[in-house]
Amino acid sequence: MNKPESGRTDSASPAVSTLPCPRCGQPARWATDNPARPFCSERCKLIDLGAWATESHRIPGDPLPPQDDE
Ligand SMILES: [Zn+2]
């Protein structure tokens, strides 16, 4: 009863992993040589930063407390 183990597939995993770009969803290279990470490209990074900069984060200020002035 010999069962030779065959069929093992050793897939060479790439050293550089990728993850979806938070901006466009395309695979972005998660490497140190990718200055735009976690974005896929500098463009997506700039777009995202620009969106943050231009997007007016207007915080609805606290409503003035009712003045109980008699
Ligand atoms: Zn992108």
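Note: the structure precedes this text.
It should be emphasised that the depicted structure is a prediction, and the values quoted were computed from it without experimental measurement.

Caption draft 1: How the structure looks around the overall build of the protein chain. A tally of regular secondary structure across the protein chain gives one helix and two strands. Written out in order from the N terminus, the α and β elements of the protein chain read β-β-α. Considering the protein chain as a whole, with its 70 residues, one finds that 7% of them fall into the buried category. Across the protein chain, contacts joining residues at least 24 apart in sequence account for 5% of those joining residues at least 6 apart.

Caption draft 2: Structural view of the pairing of strand β2 (residues 27-30). Summarising the sheet, strand β1 (residues 17-20) and β2 pair through four bridges and their orientation is antiparallel. Considered in β2, the bridge of Pro-20 is made with Pro-27. Count of turn residues in the β1/β2 antiparallel hairpin: six residues, of which Gly-25 carries a positive phi of about 90 degrees.

Caption draft 3: Expanded view of the environment of Thr-18. Along the polypeptide, Thr-18 turns up in strand β1. In this structure Thr-18 comes out as partly exposed when scored by C-beta crowding, with 15 C-beta atoms within 10 Å. With 10 residues separating them in the primary sequence, Thr-18 and Ala-28 have C-alpha atoms 5.2 Å apart. When neighbours within four sequence positions are excluded, Thr-18 is seen to be in contact with Pro-27, Ala-28, Arg-29 and Trp-30.

The rules behind the values
Residues numbered from 1 in each chain as written. Predicted model: local features only at pLDDT ≥ 70, side-chain atom pairs only at ≥ 80, totals over all residues. Helix = DSSP H or I, 4+ residues; strand = E, 2+ residues; numbered from the N terminus. Buried ≥ 20, exposed ≤ 12 C-beta atoms within 10 Å, placed from the backbone. Contact = placed C-beta atoms within 7 Å. Pairing = 2+ DSSP bridges.

From the geometry alone we can't say anything about function, so treat these as descriptive.
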